[in-house]
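# Results of the structural survey
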Amino acid sequence: MSRSNEQKWPIPESTQEIENYMKQRVGLGISFDLGVRKLKVLKKDVQIYYCNGLCDTRFIIELIEELVQINDHEKQSTNLYQLVYNRLLNQSVQPIQTLDEIVDLVLSGQIVVVIEGEHTALAVDVRSYPGRSPQEPDTEKVVRGARDGFVENIILNTALTRRRIRDERLRFEMIKVGERSKTDVALGYIEDIADPDLLKILRKEVKAIKTDGIPMGDKTIEEFILKQGWNPFPLVRYTERADVAAAHILEGHVIIYCDTSPSVIITPTTFFHHVQHAEEFRESPAMGTFVRWTRFLGVLASILLLPLWLLFVLEPSLLPKEIAFIGPNEQTNIPVVVQLLLADFGLEFLRMAAIHTPTPLSTAMGLIAAVLIGQIAIDVGLFVPEVILYVAVAGIGTFTTPSYELGVANKIARIILTILVAMFHTPGFIIGSTVMFLFVVHMRALNTPYFWPFLPFDPKGFMQIVVRRAIPGSLLRPSIVHPRNRYRQPPKENEK
Amino acid sequence: MANDQNIKNYPKPMSFPAMVFWTGLFGGVFWGVIGYVAYFFNFTEISPQVIIEPWTLGEWKNGWLGKVISIFIIGAISVGAAFVYYLTLRKLKGMWFGLGYGIALFLVVFLILNPIFPGIKPFFELSRDTIITSICLYMLYGIFIGYSINYEFELNKVQVKEASS
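Attention here is on the structure that accompanies the text. (Residues numbered from 1 in each chain as written. Chains lettered and ligands numbered in written order. Predicted model: local features only at pLDDT ≥ 70, side-chain atom pairs only at ≥ 80, totals over all residues. Heavy atoms only, no water.)

### Considerations on the overall build of chain B
Convention followed: Strands here are runs of E lasting at least two residues and helices are runs of H or I lasting at least four, both read from the DSSP assignment and numbered beginning at the N terminus. Only protein chains enter the accessibility calculation, which uses a 1.4 Å probe; a residue is then buried when its area is under 20% of its type maximum, exposed when over 50%, and partly exposed in between. Residue burial considers only the protein chains on display, and all accessible areas are found by Shrake-Rupley using a 1.4 Å probe. Residues counted as positive are Lys and Arg, residues counted as negative are Asp and Glu, and His and the chain ends are not counted. Note on charges: their place is set at NZ of Lys, CZ of Arg, CG of Asp or CD of Glu.
Helix and strand counts for chain B come out as four helices and zero strands. Walking chain B from its N terminus toward its C terminus, one meets helices and strands in the order α-α-α-α. Referenced to the eigenvectors of the C-alpha coordinate spread, the extents of chain B come out at roughly 65 × 35 × 25 Å. Here chain B holds 165 residues, and the buried ones make up 44% of them. Accessible surface, chain B as shown: approximately 8800 Å² in total, 71% of it carbon and sulfur. The averaged location of the 9 negative side-chain charges in chain B is 8 Å from the averaged location of its 11 positive side-chain charges.

### Considerations on the interface of chain B and chain A
This is how it is decided: The contact criterion used is simple: two residues touch if any of their non-hydrogen atoms lie within 4.5 Å. Counting of polar contacts relies on pairs of N or O atoms within 3.5 Å, with two restrictions inside protein: one atom must be capable of donating a hydrogen and the other of accepting it, and residues adjacent in sequence are counted only when both atoms are side-chain atoms.
Listed per partner, the contact involves 36 residues of chain B and 44 residues of chain A. Inspection of the chain B/chain A interface yields three residue pairs in polar contact (both at pLDDT 80 or more). Only helix H1 (16-40), helix H3 (96-112) and helix H4 (128-164) of chain B provide two or more residues apiece to the side of chain B that touches chain A. For the side of chain B that touches chain A, the element with the most residues is H4 of chain B, which contributes 14 residues.

### A few points about empty space enclosed by the protein
All names here are of chain A. As a reminder, the rule being used: A cavity here means a set of 1 Å grid points, computed over protein atoms only, where a 1.4 Å probe fits but cannot escape. A pocket is an open set with protein on both sides within 12 Å along at least 5 of 7 lines, and lining residues have an atom within 4 Å of a point. Grid points are joined across faces, edges and corners, and a volume is the space filled by probe spheres set on the points. All amino acids are sorted into three groups, where Ala, Val, Leu, Ile, Met, Phe, Trp, Tyr, Cys and Pro are nonpolar, Asp, Glu, Lys and Arg are charged, and the leftover types, Gly among them, are polar.
Inspection of every chain in the model, using the stated rule, returns one cavity of 30 Å³ or more. Roughly 30 Å³ of internal volume is contained in the largest cavity. What lines the largest cavity is Ile-221, Glu-222, Ile-225, Leu-226, Val-236, Ile-256, Ile-265, Thr-267 and Leu-446. For the lining of the largest cavity, the secondary structure elements donating two or more residues are helix H7 (218-226) and strand S10 (264-267). Broken down by element, the residue count for the lining of the largest cavity peaks at four residues, all from H7. For the lining of the largest cavity, the residue count by class is seven nonpolar, one polar and one charged.

### Description of the nonpolar core
Which entries qualify depends on this criterion: Definition used in this section: a nonpolar core is a set of buried Ala, Val, Leu, Ile, Met, Phe, Trp, Tyr and Cys residues joined via side-chain atoms within 4.5 Å.
The biggest cluster of nonpolar side chains holds 66 residues, and the ones touching the most others in it are Ile-221, Phe-451, Phe-454 and Leu-455 of chain A. Considering each element in turn, this core owes the most residues, 10 residues, to H4 of chain B. Ignoring sequence-local partners within four residues, the contact set of Phe-451 of chain A consists of Phe-271, Phe-272, Phe-437, Val-440 and Val-441 of chain A. The next biggest cluster of nonpolar side chains, apart from the first, holds 28 residues, and it includes Phe-312, Leu-318, Val-337 and Ala-343 of chain A.

### Observations regarding the environment of Trp-55 of chain B
Tracing the sequence through the fold places Trp-55 of chain B in the loop between H1 and helix H2 (64-88). Taking the C-alpha atoms as reference, Trp-55 of chain B lies 9.8 Å from Phe-117 of chain B; in sequence the two are 62 residues apart.

### Section: the packing of H1 of chain B against H2 of chain B
Residues and elements named next belong to chain B. The condition is simple: Fitted lines through C-alpha atoms give the axes, limited to the stretch in contact for helices. The angle between two N-to-C directions lies from 0 to 180 degrees. Angles below 35 degrees are treated as roughly parallel, those above 145 as roughly antiparallel, those between 65 and 115 as roughly perpendicular, and all remaining angles as oblique. By definition, any crossing whose near helix is turned counterclockwise from its far helix by less than a right angle is left-handed, and any crossing with a clockwise turn is right-handed.
Running from N to C, H1 and H2 cross one another at 135 degrees; their axes reach a closest spacing of 7 Å. As summarised for this structure, H1 and H2 are arranged oblique, according to the angle between their axes. Both H1 and H2 take part in a crossing whose hand is right-handed. Contacts between H1 and H2 pair Phe-16, Pro-17, Val-20, Phe-21, Gly-24, Leu-25, Gly-27, Gly-28, Val-29, Gly-32, Val-33 and Tyr-36 from the former with Lys-67, Ile-71, Phe-72, Ile-74, Gly-75, Ala-76, Ser-78, Val-79, Ala-82, Phe-83 and Tyr-86 from the latter. A breakdown of the residues in the contact of H1 with H2 according to their chemical character gives 16 nonpolar, six polar and one charged.

### A short note on the sheet that holds strand S3 (residues 93-96) of chain A
Residue and element names in this part refer to chain A. Selection criterion: Note on pairing: DSSP must find at least two bridges between two strands before they are called paired.
Read from one edge to the other, the open sheet built from five strands follows the order S1-S2-S4-S5-S3, with strand pairing classed as antiparallel. Either end of the sheet is taken by a strand with one partner, and the two such strands are strand S1 (34-41) and S3. Adjacent strand axes in the sheet meet at a mean angle of 25 degrees, parallel and antiparallel pairs treated alike. Bridge analysis of strand S2 (residues 44-51) against strand S4 (residues 111-115) gives four bridges, and the strand direction is antiparallel. By the bridge assignment for S4, Gln-47 is matched with Val-114.

### Description of unusual backbone geometry
Residue and element names in this part refer to chain A. Following Trp-452, the chain continues to Pro-453 via a peptide bond in cis, the omega torsion being 5 degrees. The topology assignment puts Pro-453 in the loop between strand S12 (448-449) and helix H14 (459-466). Geometrically, the link from Leu-455 to Pro-456 is a cis peptide bond, its omega value of 0 degrees lying close to zero. Tracing the sequence through the fold places Pro-456 in the loop between S12 and H14. Backbone geometry places Lys-43, a non-glycine residue, at a positive phi of 65 degrees. Its location among the elements puts Lys-43 in the loop between S1 and S2. With a phi close to 50 degrees, Lys-227 is a non-glycine residue in the positive phi region. Within the fold, Lys-227 resides in the loop between H7 and strand S8 (237-239).

### A look at a nonpolar patch on the surface
Residues and elements named next belong to chain B. Stated formally: In this scheme, patches are assembled from residues that exceed 30% relative accessible area and form no salt bridge. Like charges are connected within 9 Å, while nonpolar side chains (Val, Leu, Ile, Met, Phe, Trp, Tyr) are connected within 5 Å. Any carboxyl oxygen of Asp or Glu that lies within 4 Å of a side-chain nitrogen of Lys or Arg is treated as forming a salt bridge with it.
A grouping of Trp-55, Leu-57, Trp-60, Trp-64, Leu-65, Val-68, Ile-69, Phe-72, Ile-73 and Ile-77 is seen on the molecular surface, where their side chains present a nonpolar patch of about 980 Å² in accessible area. Among the secondary structure elements, Ile-77 is positioned in helix H2. For Ile-77, a relative accessible area of 48% gives the class partly exposed.

### Observations regarding H14 of chain A
Here is the rule: Each C-beta atom gives one direction from the helix axis, and the arc is the one those directions make.
For H14 of chain A, the set of buried residues is Pro-459, Gly-461, Phe-462, Ile-465 and Val-466 of chain A. Each buried residue of H14 of chain A lies within a common arc of 160 degrees when the element is viewed along its axis, so the set occupies one face. Contacts made by the buried residues of H14 of chain A are with helix H9 (285-314) of chain A together with H1 of chain B.

Okay, here's the thing in structure tokens:
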């Protein structure tokens with residue numbers, strides 16, 4: 001941590017001194033992945049520092065070839081720096097003046113060429129990081145639509161966005177986070193749309209992060225920025241889809257990219273950002289609206305179904321005549337609430353197991369889980385069949401939530417509500433759900449009311465949530481992002 | 001983005017009173033529907049239909065038409081409640097004043113206006129569940145009205161400040 005306060009040393013003329021510095025500071029000769037290639041060009045020392053694995057060997061060989069050929073074509077060594085600078089065949093050659101920069105750049109995967117007798121070294125960007133190429137994200141699949149998702153490389157991620165928004169006002173501000181990891185974090189936004197106040201807050205918060213490293217990537221950034229505490233509801237939305245990120249940038253959101261994370265953070269976020277999905281916008285507005293309503297139903301069922309049914313089991317008098325047939329028709333030895341919680345936790349076991357199980361085994365595991373456990377639990381008299389039914393529906397409802405984080409938060413809400421109903425019956429249900437609703441409503445993420453546009457009510461914004469509007473008709477950007485430019489498209493001539 | 005002559009063609013943001021109107025209407029209808037659902041599941045003995053019960057109307061008032069009409073009447077009354085909030089309390093910051101407004105409305109309806117509605121029993125004869133459900137509904141409704149109007153007010157204030165600076 002003290003390193004950052006250290007004086008910045010200029011590059012000495014003697015290459016020997018530089019090598020000693022690298023040995024001391026970076027452990028050249030101890031760490032196997034750091035190396036130096038020493039050349040003689042016109043009888044002067046030229047050294048190339050590199051970090052194995054982060055740069056492309058083929059490019060380096062070509063550069064060395066060029067440098068060595070200087071010996072064949074040139075005789076005067078007085079102008080060696082200019083010669084080398086010219087011969088480094090790469091579009092990104094950056095002169096640097098301090099030893100600190102050499103270290104930073106070599107460790108980021110660039111190669112640094114130092115020349116005897118010169119105070120300036122040359123950094124060449126030949127980086128090639130190990131990583132996968134863009135592929136469809138697992139968590140946000142669509143039937144139709146772009147299949148390129150973000151990857152672990154921030155350069156590729158910003159490039160995927162730039163491919164979709166060629167606007168000259170698109171900005172990617174780079175901030176380094178982590179005293180030791182020096183991870184790149186970028187704020188992506190459009191200059192004349194994004195809210196400057198939000199940008200100011202985000203910039204300040206990201207710069208204020210003082211930690212050694214952020215190996216958990218964007219999640220750690222989120223925790224530093226939003227100070228979530230024990231609140232289970234997700235305060236930001238993550239996406240791995242490049243088209244979703246681009247759509248939000250155009251709406252005036254600020255996107256936080258973090259190197260080594262295949263997802264980006266969308267800010268500011270409300271509850272309703274978590275229940276929308278790219279697929280709605282890939283189908284006709286009618287179909288998109290239908291899909292959205294079905295999803296709302298699923299989300300609602302995932303929270304309320306179990307507590308409500310439990311309430312009817314405990315207080316059958318509440319059931320209206322029309323649906324009085326509902327309820328456990330068999331008697332069991334175990335209280336229904338215990339059955340519900342057991343089944344719900346069983347489902348949670350399955351979910352966790354499915355994540356950790358290798359793919360070939362998970363199909364088999366799913367069969368075991370679905371057929372055997374459910375049926376046998378009924379046969380041995382542990383569960384009544386209704387428990388399996390309602391827990392399964394609530395479980396599926398959890399997975400209809402496009403945001404994984406919100407799905408899990410809803411699960412916690414459901415369990416709390418179930419326990420409250422078991423303890424206090426009707427008042428438990430009414431007061432419990434009211435308090436929970438109030439809790440969600442009073443949340444603010446980055447100064448944005450969490451339940452906007454329902455509460456505080458915004459008629460126009462709410463219509464955008466209720467129906468998936470056709471894009472040609474949506475003239476305005478959502479007011480919640482406080483866009484500097486409210487209009488997405490010019491109005492038609494005949495419209496008033 | 002577009003040339004300036006066109007700018008008057010752009011859709012205007014909603015005016016404050018219009019927003020209050022829609023908030024009141026939607027709030028009344030939405031929480032009326034929730035109230036009906038609560039009645040359907042016997043959480044409360046009071047159906048939204050109590051609103052048309054004082055009048056002797058046709059047989060339809062007990063059918064589905066009566067339900068729909070009474071929910072819309074609640075919506076219309078709610079517009080009035082929203083404007084009362086707008087005129088008196090809009091400057092009070094935060095959502096908790098809305099909650100207080102809801103409780104105040106509850107007290108007015110259940111204690112003072114109670115005799116008007118034959119469908120609502122005297123306050124002390126209501127069941128515990130009915131009182132709890134009603135008070136929760138009124139609280140949520142009050143927050144819906146109060147928080148929305150105050151938020152819009154704060155938003156307008158910021159925009160006016162930005163425009164003048």
